[in-house]
Amino acid sequence: MASTLQDAQDLERHFLLSVSHDLRTPLTSIRGYAEAIADGAAPDTTRAAEIIVGESRRLDRLVSDLLELAKLDAAQLSLHPAATDVAEVASDTADAFRPAAVDEGIHIDVQTTGPAIAEVDPDRLGQALANLVENALKHTSTRIGIAVDEVDGTVRVLVTDDGAGIAADDLPRVFEPLYVGRRTPRRQVGTGLGLAIVRQLVTAMGGTVEAGDEP
């Protein structure tokens, strides 16, 4: 019991430190640029304002994700399951990310074998897939793959990328809130809560999610 309590306290401490860091970084940037504008020291006020807006959105996203995670932990999430074509949701998710991917020189490929029907909440499924694709966008080099198939009556979605992969010690922990892996991401995308939200959403809909590291 003492060991379990210590593990829980360590995890909570890590979570709070990570949240504090993720809040402090954009706040420092916002304050710095705002003070530069106020003092007339900003060489390009339009650019400074754009950075402030971008960092404000990042803060808003982080707070929203924290609230979302809190609702998931408290089992307050509203689900509206219906017969859903998972392949269609995957295609729509890819389309939503293509403009950002093109800007980074990344190709998103979707492979399906036709309709794949599952009893899930289509909006929550889209949210989970978006978080997986966003995480891939953070680490990939040139491509992201989304594959949908059906095996023995179970619909499976596989999101892959050609990044550096996941260190073996990190694999069991990648779905923990704000867990920071050993390998530095190529791009600063998202809030670090995406994969934790994925696990909660997928579990709430009766599914499973896992990470792997294969060529």
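Please read these numbers as outputs of a predicted model, since none were measured by experiment.

Rules of the game
Residues numbered from 1 in each chain as written. Predicted model: local features only at pLDDT ≥ 70, side-chain atom pairs only at ≥ 80, totals over all residues. Heavy atoms only, no water. Helix = DSSP H or I, 4+ residues; strand = E, 2+ residues; numbered from the N terminus. Contact = heavy atoms within 4.5 Å. Axes fitted to C-alpha atoms, helices over the stretch in contact; angles between N-to-C directions. Parallel < 35°, antiparallel > 145°, perpendicular 65-115°, else oblique. Left-handed = near helix turned anticlockwise from the far one by under 90°. Pairing = 2+ DSSP bridges. Salt bridge = Lys/Arg side-chain N within 4 Å of Asp/Glu carboxyl O. Buried < 20%, exposed > 50% of the residue type's maximum accessible area, 1.4 Å probe, protein only.

## Considerations on the side chain of threonine 84
Mapped onto the elements, threonine 84 comes out in strand E1 (residues 82-85). Apart from the residues lying within four places of it in its own chain, the contact partners of threonine 84 are Val89, Ala116, Ile117, Ala118, Val120 and Pro122.

## Notes on the packing of helix H4 (residues 122-139) against helix H5 (residues 194-204)
Running from N to C, H4 and H5 cross one another at 150°; their axes reach a closest spacing of 9 Å. Taken together, H4 and H5 sit at an angle that is classed as roughly antiparallel. As H4 packs across H5, the resulting crossing turns out to be left-handed. Along the contact surface, H4 presents Arg124, Gln127, Ala128, Asn131, Leu132 and Asn135, while H5 presents Gly194, Leu195, Ile197, Val198, Leu201 and Val202.

## Re the packing of helix H3 (residues 86-103) against H4
At a closest axis distance of 9 Å, the pairing of H3 and H4 adopts a crossing angle of 40°. With respect to their mutual orientation, H3 and H4 come out oblique. Seen along the crossing, H3 lies across H4 with a hand that is right-handed. In this structure, H3 contributes Val86, Val89, Ala90, Thr93, Phe97, Ala100 and Ala101 to the contact, and H4 contributes Pro122, Leu125, Gly126, Leu129, Ala130, Val133, Glu134 and Leu137.

## Describing unusual backbone geometry
Note on backbone geometry: most residues besides glycine have negative phi, and most peptide bonds are trans. The phi torsion at aspartate 152 lies on the positive side, around 55°, for a residue other than glycine. Relative to the helices and strands, aspartate 152 resides in the loop between strand E4 (143-151) and strand E5 (154-161).

## Remarks on the sheet that holds E4
Pairing is mixed in the open sheet, where 3 strands are placed in the order E2-E4-E5. On the outer flanks of this sheet lie strand E2 (107-112) and E5, each paired with one strand and no other. Taking each pair of neighbouring strands and ignoring which way they run, the sheet shows an average axis angle of 10°. As paired elements, E2 and E4 share 6 bridges and run parallel to each other. Each residue of the ladder has a partner; that of glutamine 111, found in E4, is alanine 147. Seen against the sheet, H3 touches E2, E4 and E5 and runs at an angle of roughly 170° to E2. Packing against the sheet, H4 makes contact with E4 and E5, and its axis sits at approximately 20° to E5.

## Digging into the pattern of salt bridges
One pass over the structure, following the stated rule, counts 5 salt bridges. With its nearest N and O atoms 3.0 Å apart, the salt bridge here joins glutamate 35 to arginine 31. Of this pair, glutamate 35 and arginine 31 both sit in helix H1 (residues 2-38), separated by 4 residues, roughly a single helical turn. For glutamate 35, a relative accessible area of 40% corresponds to the partly exposed category. The closest approach of N and O atoms between arginine 173 and glutamate 176, which form a salt bridge, is 2.9 Å.

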